[in-house]
Each structure stands twice: as C-alpha cells, then as structure tokens.
Amino acid sequence: MVDVAAALEAGGLTNPNVREYVEYWAGITGASRVEVVGAADDARLIAEALEAGELDPAGEGLYYSRSYSKDTARSEERTIVATNRESDKGVYNNWRPAAEMKPLLVERMTGASEGKTMYVVPYLMSPLGAPLEKYAAGIELTDSRTVVLHMIRMARVGAKFINELAEPDHFVRAVHVTGDLENLGQGTDDDQRYFVTVADERTILHFGSSYGGNALLGKIAHGLRQSAYDGWASGEFLSEQFMLIGITDKQTGKRYHICGGFPSASGKTNLAMMLPPDALCERYQVDFYGDDIAWLWVGDDGKLYGMNPEFGVFGVAKDTNEVTNPTALASVAPGTGSIFTNIAYNTDTHEVWWEGRTPAPPADVTGWVDWKGTPIAERDEAEKDAPWAHPNSRFTTTLANVPNVAEDFEDPKGVPIDGIIFGGRTRDREPLIRAINDLAEGVYDGLTLGAEATAAADGKEGVLRYDPMSMRPFMSYGEGDYAAHWLKILGQVKDQPIFAHVNWFQRSQEDGHFLWPGYRENLRPLLWLMALKNGEVEGVQTPSGIIPKESELNLDGLEIPQADLDKVLSIDLPRWREEMGHREKHLKGFEGLPEEIWEAHKRVAKAFDES
Ligand code: GTP
Ligand code: SPV
Ligand code: MN
C-alpha cells in the first residue's frame, strides 16, 4: 500500500479532508505511486512525457499527442448522471441511481491503475475570489500524465487552491482511471466505459478514456454537469456551455458583454477569438473572456454577471487558418506550451497539419503520419482519402496565450451581461439573427435549439436533433426544472439582457455552400443586436423574433451575393410552421415544464398561424 500521507505532505497538500479520499481510491485502483502535482511541475512533467513517448515535440515549446484510435471524442451513451433521487431524471441526463452506479465503477477501477502513478491534481474552476468560488474547488485523481498536462493548461492547478478553502471539505472528488483502452469494447454492446457524475455527492467517476471531454474532469464533468446541478440545488447560479465576449465600440466608448451557447464544434471558440472584419477593426474590438463554459449569477446591483471558470482553451483544430481564425493560430504559436491532439504530424520536421490548415495537404508526404500514426505514404486503398487529422482533433493552450484575451479576464467580479445568444449548425430555416425581447420567449428559444450534431461526440456527426441551450450532453437534472431555474435566476435581473438566435451555417439548397461567410463577419449581426437593445435600430418583427433590415446591418467591406444575403435575412414561413409541430412534441417530453414556456410556445405558434 502506498504511503498516501507522506505523498500528500511531500506535495504540500495540507487540507486534512484530502487524505481519506486519496487513500480510498489509491486502495481501489491499486496505483503504485501517489504524487501531488501543480502548475509548477509542468516543465518536469513535459520532460517526462517526452521521454516516455507520450508526447512528441512539435516545434519550440509545442507538443503533439495522440489518443487511442477508438477514444477521440466524448461518448454520450456512456455518460451518466447518478443521484440518490429519481426526481433528478431528465430526458438527456441518462439518470441512474447512485447506489447502482458506484459499485459498478468501483468494480471497473479495482486494480486498474496497478504499476501506474496516481496523480493528485488540486484545481479551481474559477478565478480566485470569485463569488461562486465555493463551487469551484476540486481534486482530480488521474493515472494519466497527459491528462495532468492538459489540466494544468485548462484549470488553475496547485495545492494552495485546496489548502485555503473557506469550507475545507467542500471540494469535488473526481476520479479518472484510463483503463486498458485496447480492450474496452468502445462502441460495442460490451462497452466497458462509464463516465459518471454522482451529482448530489459531488463525486465524479470516469473510467475508460484519456480523451479530453471524458478525462479532464475539471472541465466538462465538474465545470458543466456538476456545477449546473450545484447551481440549481443552491438556487444561486447557472452553468452553461457558453462562450463569453466583450465588444468595445472605440468611437463611442461603449462596452458590451455577450454570452451564448452553440452545441459542441459549432463556433463558440471561433466567435470568442474573433478579430473584427478589416473594415471594422479600427472602430471595434472583441475581447475574449471564455469559449466553452460560463457561470452566470445575479449581482447585488441586480445585473446578470458572467465568468469563465476555465484557465485555457481546448479548441477544434479543423478549418483553423490565417483567414478563419488568426487569433487561434497565434494562441498555439511556438513558445506557448500548447498541446495538439490527433492531428497529422511530421516525424522528421515536427510540423503539424490538419484539414483546412492550408487548402491542400503538404505535397511532399515525407515524414508525415496521420492522426493514427500511419505514414501517409503507406496508407492503403481504404485509407487513402481519409482525413489526415481526426475531425475532432484539438489544440490546448492557456487563456493568457490568446491575443485578444480581455485585460480583466481574471477579475473575480465577472462581467455584466447585455445579450444571450443561441445558435448551431442549422442548414435551413434559421436566419442570420433574430432577436427576442421577452424572457420566457428567450428561454423557450434556447430550449428549442435544433442543430446538426458534430464530431465532438462519438458517431453523431450530421444528425439533426434538439440540443436545449447547447446543454444536451451536459444536462444534469430534469429539463422542466432546468427551464424553471432559468426563469427564476433571470427573473431576478433588473436590466434584462436581450436574447437572440443566430445561425452562421445556413446552406444553399442548390450547391450546399454556406450562405453567410461567417467567422470574422459574425460581428456584424452582434453589433446590430446591441443597436437594437439601445433602440438605435428597429428591425422587422416576425413571429419568431425581430430580424434586421438590410440597411441596419453594417455591411462595410463585406462581399456577399445579394441572393444569399436576402435569404439569411428572411423567415421561411412554411418551414417554420412545420417546425412548430416538432417543437411541441419535443417540449412535451419535458416533465414539469413551466407554464410560462408553454405560453411562449403558443404565442409564437399563433403568430405563425396568423402570418
Ligand atoms: P466545442 O469546443 O466542441 O464546444 O466547439 P465550439 O463551439 O467552440 O466550436 P469551434 O469554434 O471550435 O468551431 C468548430 C468548427 O466550426 C471549426 O471547424 C470551425 O472552423 C467551424 N466554424 C466556426 N465558426 C464558423 C463560421 O462562422 N462559419 C463556418 N462555416 N464554420 C465555422
Ligand atoms: C465539447 O465537446 O463541447 C468540448 C470539448 O468543448 S470536450 O472537452 O470534449 O467536451
Ligand atoms: Mn464545448
């Protein structure tokens, strides 16, 4: 048996509540060593990982990693929220009784870390001193060094975050055991993986993966699922899969903050890193606060506040290039300590590449291997046309590396929210932007977000489905309660943020091209939204919200075919009427949905009937 007390002491982890927890799981997993780690250990752990072949060099201060080929995305089927109350069961949270799941996880984890080190990773999902700090502390136990290196980039990591807790026992207990990845039956009827959040015990037990969304437990499992549950149980806050940005109009000195949810791999990181279009650069500035998670609460002044609990970015690589997202490229430039996962790699030159990095892959394939490690020159007939990088390949970097990160991104008081937007990959029906002034209609709009699923979840790409508030994979309690909690929190706000639904992904029915150029141009509809909130423009009222008149959108320097612009600035009435029937069915699945949401639905449906 490992001497846990000695390991905790050596690592400076003095909180007396930690020992029993670590001893229990060290005993179960059979780990051969226990080691407390923090951000200060990064350089040593990187050196060890390079030495062990877990990482490869990818340029100065850049690293390349590869996860097992059947372990490249979150698994929604194997992700479960367990509690001790059946009333926590929702449509999407895969609820199971805690008493059933805990023994299953103990069984799988028993002896599964033999021969390995159990790293003790104390973390905080919040800037120090934030109003919601008490929900942000956790300790991840993991048997993967690569997971530690990712955690150091994605969260604030160090013993001090746990030693100095106001309530010393109030931290999330998060256990990650990788398992024998080659023998877990991923995706088969005999799938051994389990990713369980025991939400009412603030315990997270994940077995069978080393991919980010399944293994970085501070991020998705704690930062979204657990905290959404905590926010509801305490009645204090919302935790959402939201990006968060600031927009400054340098001419008037006005500053706005907008947050919003798009499903996984649907544009949050790109929006948060946005460089304004060239013609608008002189006047406007976009500041990055967060790209994947926001916690929202009502301040003493009655305003809605938001903050990003994370410390880094775990971004989609595909299609990131100098035109679409120069900010992202700068964030992963030499010297940033960034880690790339599952992209293509050149074993001679240590260069990296992914689809969309350049229009065509490198012409000289010497030294290049694909994301599975197969030399490109040796790929067989079946693999020949397959992508070089996995579609869900990612880069990991810290917020401080992001060129447009807001000056006050670590300010614990958060930022006041002026707008809340929802969006997704919707190939028809959804216009560029439609604004919603009514709280219940805004919440209703989030609940009925429908979009194409992406490669961020195993085996789901392209499937059209509802994804309420972009939280479908992260929902931790019933949707009816979730809607009521939104209405309750937002109902306390004095100066209501404006809501909007946006869509950068409408396609031509003839040739499938994107009708809106997207990326940097997405600032334009957001500027219109703030102008609408200020009463500077009026837009056109439609049954599903207010859409911009063409003359109200700042189109300086934008080249877009008139027919495409007309299409994204219009409402397709027959398609919408059809959609209203689908929505009714979708909402009927939610137990205890508040009457205000049904009334909002009926108002919108009636307006379509009468239009
Ligand atoms: P998660 O990290 O999975 O939650 O994803 P995300 O919502 O942050 O998505 P991200 O910004 O990483 O974008 C995902 C993919 O969509 C990338 O391949 C982007 O290049 C692409 N994308 C982002 N914004 C746009 C846009 O405005 N138009 C088009 N056509 N593609 C976009
Ligand atoms: C997502 O899938 O929405 C992500 C990345 O942000 S993951 O960490 O895999 O969840
Ligand atoms: Mn995400």
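Residues numbered from 1 in each chain as written. Chains lettered and ligands numbered in written order. Predicted model: local features only at pLDDT ≥ 70, side-chain atom pairs only at ≥ 80, totals over all residues. Heavy atoms only, no water.

Draft legend 1. Structural context of the overall build of the protein. When helices and strands are counted, the protein shows 16 helices and 31 strands. Relative to the 2.2 N^0.38 estimate, which gives 25 Å for 611 residues, the radius of gyration of the protein is 24 Å and therefore close to what a compact globule would have. When the accessible surface of the protein is totalled, it reaches about 22900 Å², and 49% of it is carbon and sulfur. Averaged over its 59 positive side-chain charges, the protein has a centre that lies 3 Å from the centre of its 95 negative ones. (Helix = DSSP H or I, 4+ residues; strand = E, 2+ residues; numbered from the N terminus. Rg over C-alpha atoms; globule rule 2.2 N^0.38 Å. Areas by Shrake-Rupley, 256 points an atom, 1.4 Å probe, with all protein chains shown as cover. Lys, Arg positive; Asp, Glu negative; His and termini not counted. Charge placed at Lys NZ, Arg CZ, Asp CG, Glu CD.)

Draft legend 2. Representation of the site of ligand 1 within the structure. In the neighbourhood of ligand 1, 22 residues make up the surrounding shell, with Ala 265, Lys 268, Lys 318, Arg 394 and Tyr 519 lying closest. Ser 266 places a main-chain nitrogen or oxygen 3.2 Å from an oxygen atom of ligand 1. In the environment of ligand 1, an oxygen atom lies 2.8 Å from a nitrogen or oxygen atom belonging to the backbone of Thr 269. Burial of ligand 1 by the protein chains amounts to 95% of its free accessible area of 660 Å². (Near = heavy atom within 4 Å. Polar contact = N/O pair within 3.5 Å; in protein donor to acceptor, adjacent residues only side chain to side chain.)

Draft legend 3. Unusual backbone geometry, seen in detail. A positive phi angle, close to 65 degrees, is found at His 350, a residue other than glycine. By the secondary structure assignment, His 350 is in the loop between strand S20 (344-346) and strand S21 (352-353). Judged by its relative accessible area of 29%, His 350 is partly exposed. Although it is not a glycine, Arg 429 sits at a positive phi angle of roughly 70 degrees. On the secondary structure map, Arg 429 appears in the loop between strand S25 (419-423) and strand S26 (433-436). Residue classification places Arg 429 among the buried positions, given a relative accessible area of 6%. (Buried < 20%, exposed > 50% of the residue type's maximum accessible area, 1.4 Å probe, protein only.)

Draft legend 4. Up close: the UniProt feature "binding site: substrate" (unreviewed entry) in the protein. According to UniProt, the feature "binding site: substrate" (unreviewed entry) maps to Arg 74, Tyr 211, Gly 212, Gly 213, Ser 264, Asn 392, Ser 393 and Arg 394 in the numbering used here. With respect to the element layout, Gly 213 can be found in helix H7 (residues 212-215). Contacts of Gly 213, omitting those with residues within four sequence positions, involve Arg 74, Ile 220 and Phe 314. Relative to the helices and strands, Asn 392 is located in the loop between strand S22 (368-369) and strand S23 (394-398). If we skip the residues at most four places from it in the chain, Asn 392 touches Thr 72, Ala 73, Tyr 211, Ala 455 and Ala 456. Only 2.9 Å separates the side chain of Asn 392 from the side chain of Tyr 211, close enough to count as a polar contact. (UniProt positions renumbered as here; feature names shortened; annotations may be inferred. Contact = heavy atoms within 4.5 Å.)

Draft legend 5. Structural detail: the UniProt feature "domain: Phosphoenolpyruvate carboxykinase GTP-utilising N-terminal" (unreviewed entry) in the protein. Those places that UniProt annotates as "domain: Phosphoenolpyruvate carboxykinase GTP-utilising N-terminal" (unreviewed entry) correspond, in this numbering, to residues 20-231. A distance of 27 Å separates the end C-alpha atoms of residues 20-231, which is 31% helix and 23% strand.

Draft legend 6. Representation of the coordination of the manganese ion (ligand 3). On the protein side, the manganese ion (ligand 3) has Gln 241 (OE1) and Asp 292 (OD) as donor atoms, found 2.1 Å from it. One end of the pair, Gln 241, is in the loop between strand S12 (238-240) and strand S13 (243-249); the other, Asp 292, is in the loop between strand S15 (284-290) and strand S16 (294-298), and 51 residues separate them in sequence. (Donors = N, O, S within 2.8 Å, 3.2 Å for Na, K, Ca; no water.)

Draft legend 7. Focus on the sheet that holds strand S2 (residues 56-57). Taking strand neighbours across the sheet as the criterion, the 5 strands line up as S2-S3-S19-S23-S18 in an open arrangement whose pairing is mixed. In the strand order of this sheet, the two ends are held by S2 and strand S18 (312-316), each with one partner. In this sheet, S23 lies alongside S18 in antiparallel orientation, the contact comprising 5 bridges. Each bridged residue has a counterpart across the sheet, and for Phe 314 the counterpart in S23 is Thr 396. Against the sheet, helix H5 (residues 145-154) engages strand S3 (63-65), S18, strand S19 (339-341) and S23, with an angle of about 55 degrees to S23. (Pairing = 2+ DSSP bridges. Axes fitted to C-alpha atoms, helices over the stretch in contact; angles between N-to-C directions.)

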